[in-house]
Number of protein chains: 2
Amino acid sequence: MIPNSSQDSQARPGSLGVGGPPTKARPGSLGVGGPPTKARPGSLGVGGPPETEATFLAGYDPKDYPSVALTVDLVVFAVANKVLHVAVVERGAQPFLGNWALPGGFVQPGEDALAAANRELAEETGLDLGAHRVFVEQLATFSAPQRDPRMRVVSVAHLILLAGDGTNLVELRSGTDASDAQWLPVHAMDRTSLAFDHADILAAGLERLAGKMEYTTIAAQLVPEEFTLSALRDVYAAVWQAELPAGNFTRKMRTSLTPTGRKVQAVGAPASLFTIGSEWISPPWSRP
Amino acid sequence: MIPNSSQDSQARPGSLGVGGPPTKARPGSLGVGGPPTKARPGSLGVGGPPETEATFLAGYDPKDYPSVALTVDLVVFAVANKVLHVAVVERGAQPFLGNWALPGGFVQPGEDALAAANRELAEETGLDLGAHRVFVEQLATFSAPQRDPRMRVVSVAHLILLAGDGTNLVELRSGTDASDAQWLPVHAMDRTSLAFDHADILAAGLERLAGKMEYTTIAAQLVPEEFTLSALRDVYAAVWQAELPAGNFTRKMRTSLTPTGRKVQAVGAPASLFTIGSEWISPPWSRP
DNA sequence: ATTGTTATTATCAAGTTGATAATAACAATC
DNA sequence: GATTGTTATTATCAACTTGATAATAACAAT
C-alpha cells in the first residue's frame, strides 16, 4: 500500500502539550546488538568492542557519507497599499539567467539555517536588520534530487515578514550576489516563471502566512509595532484577498491586542493604536 | 534590533489562498548586473558574457561549496490502550552508545527526504509498509552545527503515524542499523535521555500532532480505516492527555466523518463505524 | 454648522460550546 | 425472560460566538 503522505503540511501549535511527569526510565538491554552494516552516524560498522567517543571521533572520515549542498531560500513578504509583495532577485547566471528567484544562499559551516537566513536576508537584499522589525521562521525543506540541475542542493525555506508603514516598501539594494532585487505583487505576478522550484516555495510561504493568520497575530508582524485595527485589517485583505467587515474585525481582534491609549489622526475618526497582546486568536478565524 | 524569530513554528493550512489571476509578467532589466562575487548556485563569478546552461554545467565543480551530510529522523507514533507511543532504536555505537534514539538515516543521492523517510522506516523498524497504513509528513529541519559531535549532519525530521487497532502495537524488528527497536510511552518516558537533539525533535513531532488534531482529522491516521468515535476519542485522550466528553465529541466530530452503516459489537451499545469524511474540523477544537 | 469619512459600539438572529441528562442498544447475569 | 451493567447516541439549555447590519462618535474639510 502506498503510504498516506503529505509532503508539506503544517501544524497549528499552541502551548506545548500538557505532558505527564517523566516517570519511567527507558527499559531495554544496553548491550550492543548485531553488527551495524550501513553507514550512519552512530551505527558505523565497528566489529570489535564498543569504542570510546574519543577513538571514534579520531577515526571518522566525512567522505564516507553522501553529502549535499545546503542552502536557505527566503520568502520575504511585505505589505504596501493593501498589496502583498514578495522580494525577488534577478539571476545573473545560468541556469535561469535573467529570471526572478527568491533570495537565498549557502549555509556556512559554523551557522544553522536560521542564522543563514538572517545573514542572507541582509546580504542579498541590502536590508539593515538593525533598522527594521523582522520576523523569521522555518518553513519547509525542499530536497527533490533534481531541483537544481547542477548538483544536489537541499534548501531550507524560511518565511520572513518585514514590518512596514503600509504605504512604502523598504528599498531593496542589489546585494553582492544578485544583479537586481525587487518587490513583486504576490497575487498579480507570474509565479510560474520563478527559478528552480521557487514557485513551490513561494506557495508554501503564502499558505503558511495565510493559514497562521487564522489563529495567531502573525499579521501584526507586517505593520509597525504600534498599529491601528485598520492597518491590521489591510494586511488580512492583502494576504487573504478578501475584505473583512470592519466592525466584526474589531470585535474579534481586539481581544488579542493591547491598547496603547494613543490615537492617530487621519481623515475620519481618530483610530486607536494597539500592540500585540497575545500571540493567539481564540477561537480562530476561518478564511472566507 | 534582534530579529523576531521563532525557529520552529508551524502553520495551519487550509484550502490554498484565493490568489488573483497571474497577470503581470516580471518587470525589470534582464541584463547581467554587477559581477557576482560569492559562491552561490546561479551567481558564480563569471566575468565574461553570460554562458549557456550547457557550458555552465560542464565547468561546475561541486567541491567549491560547503557540504553537509543529510539525514532524516523519524518521529513514529502509535496508540495502544489510550497511551501514545514513539518508536526508538538503541544506539549501537558512540556517541550516545546504549541510549535511545529516533530511527533515521542518510538521504541517498537519488531520493528526496520523503522517500528517505519511508525507506528508513522500513529498514530501521522492520515495518512492512505494504501491510500497514502509514501517514508521513515533513516536520522541520534541525541544523545546529554541533548537533552531531562528529560532523555536520543536518536532519529533516518527519512525523509518521501508524494505524493500529488500539490495543496492540506493531512488532518492531531490529533493523540493519540498530541493535534494538522498541516502543516507549511518550508521556511517561524520560525524553531528555534521547540521543543528539532527538528530545527536541520528539517535542516538535508531539506538538505538530497535538496541534493538527485541533483542526484536522489527522487523529484518524492512528486508528483503522473504519473506526468508532470511541476509538478516535481514545486517540485524543492519548495525545492531549485529557478526556473529552463523549457526547460533545460525537456531536462535533461526526460532521467530519462518513458513516459506513456498519456497527461493531463490544460491551454496551453497538458503536457505528465511520471513515474520514473531511480532512478538516471546522470550527477547530481548542485543547482543554 | 454641515458634510464626508472613518472608527467604534450596538443589536439581533443563527449557530456553537460545555455541561448535563435522557434515551437506546446491547451482554451478562440472575 | 426480566434485570442490571455498560456504552453509544441524542437531547436540552444557558452562555457564548458569528455574520449581517445599523447606530453612534470623532474628527477634517467645506
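A. Quick look at the protein's contact with DNA strand D. Lining the immediate surroundings of DNA strand D are 20 residues, of which Asn 248 and Arg 251 of chain A together with Ser 230, Gly 268 and Ser 272 of chain B lie closest. The sugar-phosphate portion of DNA strand D accounts for 56% of its atoms within 4 Å of the protein, the bases making up the rest. At 3.0 Å from a base nitrogen of DNA strand D is found a side-chain nitrogen or oxygen belonging to Asn 248 of chain A. At 3.4 Å, a side-chain N or O of Arg 251 of chain B approaches a base oxygen of DNA strand D. Residue assignment for the surface near DNA strand D shows that the elements contributing at least two residues are helix H5 (246-253) of chain A together with helix H4 (229-240), helix H5 (246-253) and strand E10 (271-276) of chain B. Top element by residues in the surface near DNA strand D is H5 of chain A. It accounts for 3 residues. Split into classes, the residues belonging to the surface near DNA strand D amount to 9 nonpolar, 7 polar and 4 charged.

B. Representation of the side chain of His 85 of chain A in the model. Residues and elements named next belong to chain A. Following the sequence through the fold, His 85 ends up in strand E3 (residues 83-90). A distance of 3.0 Å separates a polar side-chain atom of His 85 from the backbone oxygen of Val 83. For His 85, the residues in contact, after removing those within four places along its chain, are Val 76, Phe 77, Ala 78, Ala 80, Leu 169, Trp 183, Leu 184, Pro 185 and Val 186.

C. Molecular detail of the packing of H4 of chain B against H5 of chain B. Residues and elements named next belong to chain B. Following both chains from N to C, one finds H4 and H5 inclined at 105 degrees, their axes separated by 11 Å at the closest point. Between H4 and H5, the interaxial angle falls into the category roughly perpendicular. For the pair formed by H4 and H5, the contact residues are Leu 229, Leu 232, Arg 233 and Tyr 236 on the first element and Ala 246, Phe 249, Thr 250 and Met 253 on the second. Taken together, the residues of the contact of H4 with H5 sort by class into 6 nonpolar, 1 polar and 1 charged.

D. Quick look at the environment of Ile 281 of chain B. Residue and element names in this part refer to chain B. Looking at where Ile 281 falls in the secondary structure, it is placed in the segment after E10. Its relative accessible area of 2% is what places Ile 281 among the buried residues. Counting along the chain gives 64 residues from Ile 281 to Thr 217, while the straight-line C-alpha distance between them is 6.6 Å. When sequence neighbours within four positions are dropped, the list of residues in contact with Ile 281 reads Met 213, Glu 214, Tyr 215, Thr 216, Thr 217, Tyr 236, Lys 252, Met 253 and Ser 256.

E. A look at the protein's contact with DNA strand C. Around DNA strand C lies a shell of 20 residues, among which Ser 230, Gly 268 and Ser 272 of chain A together with Asn 248 and Arg 251 of chain B are the nearest. By atom count, sugar and phosphate contribute 54% of the portion of DNA strand C lying within 4 Å of the protein. Contacts to DNA strand C include Ala 269 of chain A, whose backbone N or O atom sits 3.1 Å from a base oxygen. Between Ala 269 of chain B and DNA strand C, the recorded distance is 3.5 Å, taken from a backbone N or O atom to a base nitrogen. Put simply, the parts of the chain that give the surface near DNA strand C at least two residues each are helix H4 (229-240), H5 and strand E10 (271-276) of chain A together with H5 of chain B.

F. Just the packing of aromatic side chains, in detail. Evaluated as defined, the whole model comprises 12 aromatic pairs over all chains. A centroid spacing of 6.1 Å and a plane angle of 55 degrees characterise the contact between Tyr 236 of chain A and Trp 285 of chain A, whose relative ring orientation is tilted. Taken as a pair, Tyr 236 of chain A in helix H4 and Trp 285 of chain A in the segment after E10 lie far apart in primary sequence, 49 residues in all. Taking the relative accessible area as the measure of exposure, Trp 285 of chain A reaches 12% and is therefore buried. Ring plane angle 15 degrees and centroid distance 6.3 Å describe the contact between Tyr 215 of chain B and Trp 280 of chain B, whose orientation is recorded as stacked. Here the residue Tyr 215 of chain B occupies a position in the loop between helix H3 (198-212) and H4, and Trp 280 of chain B occupies one in the segment after E10, the gap between them amounting to 65 residues. Site record: aromatic cluster; members linked through ring pairs are Tyr 236, Trp 240, Phe 249 and Trp 285 of chain A.

The rules behind these values
Residues numbered from 1 in each chain as written. Chains lettered and ligands numbered in written order. Predicted model: local features only at pLDDT ≥ 70, side-chain atom pairs only at ≥ 80, totals over all residues. Heavy atoms only, no water. Near = heavy atom within 4 Å. Polar contact = N/O pair within 3.5 Å; in protein donor to acceptor, adjacent residues only side chain to side chain. Helix = DSSP H or I, 4+ residues; strand = E, 2+ residues; numbered from the N terminus. Nonpolar A, V, L, I, M, F, W, Y, C, P; charged D, E, K, R; others polar. Contact = heavy atoms within 4.5 Å. Axes fitted to C-alpha atoms, helices over the stretch in contact; angles between N-to-C directions. Parallel < 35°, antiparallel > 145°, perpendicular 65-115°, else oblique. Buried < 20%, exposed > 50% of the residue type's maximum accessible area, 1.4 Å probe, protein only. Phe/Tyr/Trp six-rings, centres within 6.5 Å; stacked < 30°, edge-to-face > 60°.

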